[in-house]
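# Close look at the chain arrangement
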Amino acid sequence: MNKALLATLAATTLLGGCNQGPPAPDKTIQQLMAEDVQPTAEVYWNAVGHVSELVDGEVVERDFRPETEADWQRTRDAATRMVELANLLTEPGYTEGRGEDWVQFSNSLAEVARLAEQAADSRDPEQVFEVGGTMYSVCSACHQVYPPAEGLPEDAPVGAPPA
Ligand code: HEC
């Protein structure tokens, strides 16, 4: 079976109701952000970083990064999905009533998500970290122009990327 056919089959299966599939076209922007965009970004952001952990009463500093092939694949998949989500944002259901800048922000997100894919392809943790920061800035830029009515949840991108 060739790859294209496999992909088609996979897409069809996903459309059949699994919630990993393309988001329902009738999702509100809030749902799309909360259920798809944010979790997808988190997979990418959480791939590379730094933690201070308490081990036996002592603070231990630890860097983490994708190690296994599966780790890298997960990171890359999140980037690929972000491209799809960014493209979805430019569809009429989401652009209606928005300015031209809406499409620009969405295109920037797609662009940075493609860079994110490339960073994962290069197996370069520092690049993944950097592009992750840029992605965060793009999210924030759109949120500054189109602020959520209710305010953003605490972990959502507002302002500068985390250091
Ligand atoms: C093209 C504009 C745009 C981009 C780009 C964008 N967002 Fe949003 N986001 C919005 C809007 C608009 C809302 C608020 C909708 C409302 O409440 O009116 C929102 C709301 C949210 C929320 C709150 C959802 C809720 O529970 O109501 C989260 C979380 C979020 N965005 C995460 C992200 C992340 C992460 C990124 C980047 C990877 C991102 N957004 C990129 C426009 C954008």
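A short tour of the structure in this document, coming up. (Residues numbered from 1 in each chain as written. Predicted model: local features only at pLDDT ≥ 70, side-chain atom pairs only at ≥ 80, totals over all residues. Heavy atoms only, no water.)

## Looking at the environment of Ser 108
Note the threshold: The helix count covers DSSP runs of H or I at least four residues long, the strand count covers runs of E at least two residues long, and both are numbered beginning at the N terminus. Type-normalised accessible area, obtained with a 1.4 Å probe on protein chains alone, sets the label of each residue: buried when under 20%, exposed when over 50%, and partly exposed for intermediate values.
Inspection of the secondary structure puts Ser 108 in helix H5 (residues 100–121). A residue is classified by how much of its surface remains accessible, and Ser 108, at 32% relative accessible area, is partly exposed. Along the chain, Ser 108 and Thr 134 lie 26 residues apart, while their C-alpha atoms are 10.0 Å from each other.

## Section: the environment of Arg 123
Definition in use: The contact rule is simple, with two residues in contact once any of their heavy atoms fall within 4.5 Å. Polar contact is the term for a pair of N or O atoms within 3.5 Å; when the atoms are in protein, one must be able to donate a hydrogen and the other to accept it, and sequence-neighboring residues count only if both atoms are side-chain atoms.
Mapped onto the elements, Arg 123 comes out in the loop between H5 and helix H6 (125–145). Arg 123 sits 54 residues away from Glu 69 along the chain, and the two C-alpha atoms are 9.6 Å apart. Not counting residues within four places of it along the chain, the set of residues in contact with Arg 123 comprises Glu 69 and Trp 72. At 2.5 Å, the side chain of Arg 123 and the side chain of Glu 69 are in polar contact.

## Considerations on the packing of H5 against H6
Stated formally: Here an axis means a line fitted to C-alpha atoms, over the contact stretch when the element is a helix, while the angle between two N-to-C directions is reported on a 0 to 180 degree scale. Under this scheme an angle from 65 to 115 degrees is roughly perpendicular, one under 35 degrees roughly parallel, and one over 145 degrees roughly antiparallel; angles in between are oblique. Lys, Arg, Asp and Glu make up the charged group, whereas Ala, Val, Leu, Ile, Met, Phe, Trp, Tyr, Cys and Pro make up the nonpolar group; the residues left over, Gly among them, are polar.
In contact at an axis separation of 9 Å, H5 and H6 are set at 170 degrees when each is read in the N-to-C sense. By the angle between their axes, H5 is roughly antiparallel relative to H6. Between H5 and H6, the residues in contact are Asp 101, Trp 102, Phe 105, Ser 108, Leu 109, Val 112, Ala 113, Leu 115, Ala 116, Ala 119 and Ala 120 and Gln 127, Val 128, Val 131, Thr 134, Met 135, Val 138, Ala 141, Cys 142 and Val 145, respectively. Looking at side-chain class alone, the contact of H5 with H6 contains 16 nonpolar, three polar and one charged residues.

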